[in-house]
Amino acid sequence: MDLLQRYQSIRMILSDVDGVMTDGLVEYDNQGVETKRFHVRDGLGIKLWQLSGGLFGLVTQRSSQIVKIRAGELGISLVRQGVIDKLATVRQIADEHRIGMENIAYIGDDLPDLPVMRSVGLSVAVADAAGELLESADVVTHVAGGKGAVRDMIETILKNQGRWDALVQEYKG
């Protein structure tokens, strides 16, 4: 299947969090509370994907309240935190939603994402991902994790599906 066909078959996007939706740095305040920074463009990209009828979810090894809060802000109900085996979890999500693995795009940044990326229809690595992911990804984003990489991926998918211009038109009035 060529890359255009891969783009056109995507119905669900799953994303890692740390290093993809954030810059990968883990910060703690004096009370030991973890903080994360999310790029607003990723949020709009996710909203546009959802508006276009696509499903979006998060699959992450770490667990944090802040991910739950950000997911709530964006209307992401598909959130799996504390995941040890990401591939098994993604397969379970695919089964639950009756979506073939070939209809899923996954974006990651490091080695725990590699098994999933090798099993989905479209594998995406952020620009500053580990070398092994950059080598095996179908697509590499133009920007680093935490810098709008999810938006970059979503915009590329929607453009290749011929759905981007209609979404932009909503903002042009």
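Look above for the structure.
Now for the environment of G121. Looking at the secondary structure, you find G121 in the loop between α5 (114-117) and β7 (122-125). Residues G121 and G131 lie 10 residues apart in sequence; the distance between their C-alpha atoms is 20 Å. Not counting the four nearest positions on each side in its chain, G121 is found in contact with R6, I10, M101, E102, I104 and D138.

Now for the pattern of salt bridges. It is possible for side chains of opposite charge to pair when their charged atoms get near one another. Across all of its chains, the model carries 11 salt bridges by this definition. A salt bridge links R62 to E34; the shortest N-O distance between them is 2.6 Å. Highlighted residues: R62 in the loop between β4 (55-59) and α3 (65-73) and E34 in strand β3 (residues 34-35), separated in sequence by 28 residues. Across the pair R70 and E73 runs a salt bridge whose closest N-O atoms are separated by 2.9 Å. Here R70 pairs with E73, and both are found in helix α3, just three residues apart, close to one helical turn. Shared partners join several salt bridges into a network, and the residues in it are D18, E34, K36 and R62.

Let us now look at the sheet that holds strand β1 (residues 12-15). Pairing is parallel across the open sheet formed by six strands, whose spatial order is β5-β4-β1-β6-β7-β8. Edge strands, defined here as strands with exactly one partner in the open sheet, are β5 (78-80) and β8 (139-140). Both β4 and β5 contribute to a ladder of three bridges, which runs parallel. Residue pairing in the sheet places V59 in a bridge with R80 of β5.

The next point concerns the packing of helix α2 (residues 40-51) against helix α8 (residues 164-172). For any two helices packed against each other, one specifies the inter-axial angle together with the distance between the axes. Interaxial distance between α2 and α8 falls to 11 Å at its minimum, and their mutual angle equals 115 degrees. In this view, α2 runs roughly perpendicular relative to α8, as classed from their interaxial angle. In the packing of α2 onto α8, the handedness of the crossing is right-handed. The segment α2 lies against α8, with L44, L48 and L51 engaging W164, L167 and Y171.

Let's shift gears to the packing of α2 against helix α7 (residues 149-160). Relative to each other, α2 and α7 sit at 30 degrees, their axes nearing to 7 Å. As summarised for this structure, α2 and α7 are arranged roughly parallel, according to the angle between their axes. The two elements α2 and α7 cross, and the hand of that crossing is left-handed. Across from R41, D42, L44, G45, I46 and W49 in α2, the residues of α7 making contact are A149, V150, R151, I154, I157 and L158. Considered class by class, the residues forming the contact of α2 with α7 number eight nonpolar, one polar and three charged.

What counts, and at which threshold
Residues numbered from 1 in each chain as written. Predicted model: local features only at pLDDT ≥ 70, side-chain atom pairs only at ≥ 80, totals over all residues. Heavy atoms only, no water. Helix = DSSP H or I, 4+ residues; strand = E, 2+ residues; numbered from the N terminus. Contact = heavy atoms within 4.5 Å. Salt bridge = Lys/Arg side-chain N within 4 Å of Asp/Glu carboxyl O. Pairing = 2+ DSSP bridges. Axes fitted to C-alpha atoms, helices over the stretch in contact; angles between N-to-C directions. Parallel < 35°, antiparallel > 145°, perpendicular 65-115°, else oblique. Left-handed = near helix turned anticlockwise from the far one by under 90°. Nonpolar A, V, L, I, M, F, W, Y, C, P; charged D, E, K, R; others polar.

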